[in-house]
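The lines below spell out each chain.
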Amino acid sequence: MVTLTTARLTLRPWQEDDIDDLFAYSASPQVGPMAGWAPHETREKAAEALRAYMTQEHHFAIVLRDENRVIGAVKLNPDENRGKYFAKSLSYVLSPSDWGKGYMTEAVRAVIRYAFDMCGVELLTAFHKTENPRSGKVLARCGFSCEGILYKTKQEYDGTVSDLVIWSLERSSDLSL
């Protein structure tokens, strides 16, 4: 897997020594539930997730370069709904202490360029829960178009069912990122 760089960030493969940073943000009740997973209650739960992340293609740790600290993740997933060979779905999480600083917009823009320029992706999609409008703001700033809401579509880790907002971005879109 490649490493991507931006003005303030390095997006790189996950490493074993990322465990403390991962646990620091993944234990937050503000992070996992918005992404559809339970907060990591123990360091071992975070280590289990980290081991899985290290084997996944296109799963980047977002590192704040000035502090050499992992502040989140961004990942390209197969989009089974649109054609897994030409479409990818984008997902991401960020430490609450780093919200509102433009880091996720910066990271998503780098992954958009990577997906279109290096992976041959024709279409990117992204989903977020209706109760997470901040995620939609990131996608809008990155050029995605809102397609609408998928009602009662995602069963969560706790058994509840969520509505998801779906966004898309075509390769042919203006990518003056």
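Up top is the structure these notes are about.
Residues numbered from 1 in each chain as written. Predicted model: local features only at pLDDT ≥ 70, side-chain atom pairs only at ≥ 80, totals over all residues. Heavy atoms only, no water.

### Quick word on the packing of aromatic side chains
Part 1: Applying the stated criterion to the full structure yields two aromatic pairs.
Part 2: On the basis of an interplanar angle of 45° and a centroid distance of 5.2 Å, the ring pair of W14 and Y53 is categorised as tilted. Of this pair, W14 sits in the loop between β2 (9-13) and α1 (19-26) while Y53 sits in helix α3 (residues 43-53), and the two are 39 residues apart along the sequence. The same class applies to W14 and to Y53, which are both buried.
Part 3: Geometrically, the ring pair formed by F60 and Y114 is edge-to-face, given 5.4 Å between the ring centres and 90° between the ring planes. Of this pair, F60 sits in strand β3 (residues 59-64) while Y114 sits in helix α4 (residues 103-118), and the two are 54 residues apart along the sequence. (Phe/Tyr/Trp six-rings, centres within 6.5 Å; stacked < 30°, edge-to-face > 60°. Helix = DSSP H or I, 4+ residues; strand = E, 2+ residues; numbered from the N terminus. Buried < 20%, exposed > 50% of the residue type's maximum accessible area, 1.4 Å probe, protein only.)

### Re the sheet that holds strand β1 (residues 4-5)
Part 1: Taken in spatial order, the eight strands line up as β1-β2-β3-β4-β5-β6-β8-β7 in an open sheet, and their pairing is mixed. For this open sheet the edge positions go to β1 and β7 (145-155), each flanked by a neighbour on one side alone.
Part 2: Bridging between strand β6 (residues 123-129) and strand β8 (residues 161-170) involves seven bridges; their strand directions are antiparallel. Of the residues in β8, the one forming a bridge with T125 is S168. (Pairing = 2+ DSSP bridges.)

### Thoughts on the layout of surface pockets
Part 1: Of the volumes computed, that of the largest pocket is approximately 1,200 Å³.
Part 2: As for the largest pocket, its lining consists of 48 residues, of which A35, S91, Y92, V93 and S135 are closest to the centre.
Part 3: Among the elements of the structure, α2 (32-35), β4 (69-78), β5 (87-94), α4, β6, α5 (133-141) and β7 are those that each provide at least two residues to the lining of the largest pocket. (1 Å grid on protein atoms, 1.4 Å probe; cavity = no way out; pocket = protein on both sides within 12 Å on 5 of 7 lines; lining within 4 Å. Points joined across faces, edges and corners; volume = space filled by probe spheres on them.)

### Overview of the nonpolar core
Part 1: L11, L90, L124 and F144 are the most contacted members of the largest nonpolar core, which has 32 residues in total.
Part 2: Of all the elements in the fold, those that place two or more residues in this core are β2, β3, β4, β5, α4, β6, α5 and β8.
Part 3: No other element matches α4, which puts 10 residues into this core.
Part 4: Setting aside residues no more than four positions away along its own chain, L124 makes contact with L76, K88, I112, A115, F116, F144, W167, S168 and L169.
Part 5: The next biggest cluster of nonpolar side chains, apart from the first, holds 15 residues, and it includes L22, A46, Y53 and V93. (Core = buried A, V, L, I, M, F, W, Y, C linked by side-chain atoms within 4.5 Å. Contact = heavy atoms within 4.5 Å.)

### Examining the packing of α1 against α3
Relative placement of two packed helices is described by the angle separating their axes and the distance separating the axes.
Part 1: At a minimum axis distance of 9 Å, the contact between α1 and α3 shows a crossing angle of 115°. As summarised for this structure, α1 and α3 are arranged roughly perpendicular, according to the angle between their axes. Crossing angle aside, the handedness with which α1 passes α3 is right-handed. On α3, the residues touching I19, D20, L22, F23 and S26 of α1 are R43, A46, A47, L50 and Y53.
Part 2: Within the contact of α1 with α3, the residues separate by chemical class into seven nonpolar, one polar and two charged. (Axes fitted to C-alpha atoms, helices over the stretch in contact; angles between N-to-C directions. Parallel < 35°, antiparallel > 145°, perpendicular 65-115°, else oblique. Left-handed = near helix turned anticlockwise from the far one by under 90°. Nonpolar A, V, L, I, M, F, W, Y, C, P; charged D, E, K, R; others polar.)

### Here we look at the state of the cysteines
Part 1: Enumeration over the complete set of coordinates arrives at zero disulfides.
Part 2: Here C142 is not cross-linked by a disulfide; its sulfur's nearest cysteine counterpart is in C146, at 15 Å. (Disulfide = S-S within 2.5 Å.)

### Some remarks on the pairing of β5
Part 1: Counting buried positions over the eight residues of β5 gives seven, a clear majority of the element.
Part 2: Summarising the sheet, β4 and β5 pair through seven bridges and their orientation is antiparallel. In the sheet register, P78 faces β5, and the bridge partner there is K88.
Part 3: With four bridges connecting them, β5 and β6 associate as parallel partners. If you follow S89 over to β6, its bridge partner there is T125.

### Digging into the pattern of salt bridges
Part 1: Tallied over the full model, the rule gives 10 salt bridges.
Part 2: The shortest N-O distance in the salt bridge between E44 and R51 comes to 2.9 Å.
Part 3: A relative accessible area of 46% places R51 in the partly exposed class.
Part 4: For R171, the salt bridge is made with E122, and the minimal N-O distance between the two is 3.2 Å. Placement of R171 in the segment after β8 and of E122 in the loop between α4 and β6 is noted, with a sequence separation of 49 residues between them.
Part 5: On the basis of relative accessibility, which here comes to 40%, the residue E122 falls in the partly exposed class.
Part 6: When salt bridges that share partners are traced, they join E67, R69, D98 and K101 into one network. (Salt bridge = Lys/Arg side-chain N within 4 Å of Asp/Glu carboxyl O.)

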